[in-house]
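# Survey of secondary and tertiary structure
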Amino acid sequence: MLLVAFCRTVMQLNALSNMGTLVLAGLGGALPPLASLPSSASWIAPITPSYWAMRGFTDVILGGAGFAAVLGSVGMLVTFTLVFASAAALRFRFDKPKVHWA
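Fair warning: this is a prediction, and the values are worked out from it, not measured in the lab. (Residues numbered from 1 in each chain as written. Predicted model: local features only at pLDDT ≥ 70, side-chain atom pairs only at ≥ 80, totals over all residues. Heavy atoms only, no water.)

Moving on, we get to a nonpolar patch on the surface. Together, Phe67, Leu71, Val74, Val78 and Leu82 give the surface a local cluster of nonpolar side chains, amounting to about 480 Å² of exposed area. Turning to its location among the elements, Phe67 is positioned in the loop between α4 (49-61) and α5 (71-91). The exposure class of Phe67 is exposed, given its relative accessible area of 60%. (Patch = residues over 30% accessible without salt bridge, like charges linked within 9 Å, V, L, I, M, F, W, Y side chains within 5 Å. Areas by Shrake-Rupley, 256 points an atom, 1.4 Å probe, with all protein chains shown as cover. Salt bridge = Lys/Arg side-chain N within 4 Å of Asp/Glu carboxyl O. Helix = DSSP H or I, 4+ residues; strand = E, 2+ residues; numbered from the N terminus. Buried < 20%, exposed > 50% of the residue type's maximum accessible area, 1.4 Å probe, protein only.)

And the structure:
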């Protein structure tokens with residue numbers, strides 16, 4: 001919704017969502033393991049939602065952790081959701097139509 005609120009056309013939304021997904025997945029450890037990322041990217045990873053999702057998945061699947069162990073990751077994902085939803089709600093305009101193809 002945040003991208004929809006900021007993009008004027010469907011093509012902009014398509015390009016930004018595809019590029020953003022790949023960048024965030026790569027930085028968060030969803031594509032390469034975090035250990036294989038360069039040191040310059042390791043400090044960026046915790047500010048991406050995909051990092052916290054992968055951290056929770058790794059703890060549960062590989063570490064055998066329970067729900068209590070992933071509350072921190074879930075909390076961070078909820079925080080990201082609230083921040084992005086708030087920004088989208090502030091920016092979204094129902095009276096401005098989107099251009100389908102331009």
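Further notes follow.
Quick look at the packing of α4 against α5 now. Relative to each other, α4 and α5 sit at 155 degrees, their axes nearing to 9 Å. The pairing of α4 with α5 is recorded here as roughly antiparallel in orientation. Once α4 is placed against α5, the crossing between them reads as left-handed. Along the contact surface, α4 presents Pro49, Trp52, Ala53, Arg55 and Gly56, while α5 presents Ser73, Met76, Leu77, Phe80 and Phe84. Looking at the contact of α4 with α5 residue by residue, the class counts come to seven nonpolar, two polar and one charged. (Axes fitted to C-alpha atoms, helices over the stretch in contact; angles between N-to-C directions. Parallel < 35°, antiparallel > 145°, perpendicular 65-115°, else oblique. Left-handed = near helix turned anticlockwise from the far one by under 90°. Contact = heavy atoms within 4.5 Å. Nonpolar A, V, L, I, M, F, W, Y, C, P; charged D, E, K, R; others polar.)

Okay, the side chain of Ser50 next. Here Ser50 is to be found in helix α4. You can call Ser50 buried: its relative accessible area is 15%. Here the side chain of Ser50 touches Leu24 through a polar contact of 2.4 Å, landing on its backbone oxygen. Setting aside residues up to four positions removed in sequence, Ser50 forms contacts with Leu24, Ala25 and Gly28. (Polar contact = N/O pair within 3.5 Å; in protein donor to acceptor, adjacent residues only side chain to side chain.)

So, about α4. What sets the pattern is the α-helix's 3.6 residues per turn: residues three or four places apart point alike. Here α4 contains 13 residues, and its C-alpha end-to-end distance of 18 Å stays within 8% of the 18 Å for a straight helix at 1.5 Å per residue. Every buried residue belonging to α4 is among Ser50, Tyr51, Trp52 and Gly56, and all of these are buried. Those residues of α4 that are buried lie in contact with α2 (10-28) and α5. (Expected span 1.5 Å × (residues − 1).)

Before going further, it helps to examine a positive patch on the surface. Residues Arg8, Arg91, Arg93 and Lys96 make up a contiguous surface patch of positive charge. Inspection of the secondary structure puts Arg93 in the segment after α5. Residue classification places Arg93 among the partly exposed positions, given a relative accessible area of 44%. (Lys, Arg positive; Asp, Glu negative; His and termini not counted. Charge placed at Lys NZ, Arg CZ, Asp CG, Glu CD.)

Okay, the packing of aromatic side chains next. Scanning all chains against the criterion turns up two aromatic pairs. Centre to centre, the rings of Tyr51 and Trp52 are 5.1 Å apart; their planes meet at 90 degrees, and the pair counts as edge-to-face. When its relative accessible area of 15% is taken as the criterion, Tyr51 is described as buried. With relative accessibility at 13%, the residue Trp52 sits in the buried group. Both rings, one in Phe80 and one in Phe84, keep their centres 5.9 Å apart while their planes meet at 35 degrees; by these two values the pair is tilted. Linking Phe80 with Phe84, this pair stays in helix α5, spanning four residues, or about one helical turn. With a relative accessible area of 15%, Phe80 lands in the buried category. Relative accessible area serves as the criterion here: at 37%, Phe84 is assigned to the partly exposed category. (Phe/Tyr/Trp six-rings, centres within 6.5 Å; stacked < 30°, edge-to-face > 60°.)

No statement about biological role is implied by the geometric values presented.
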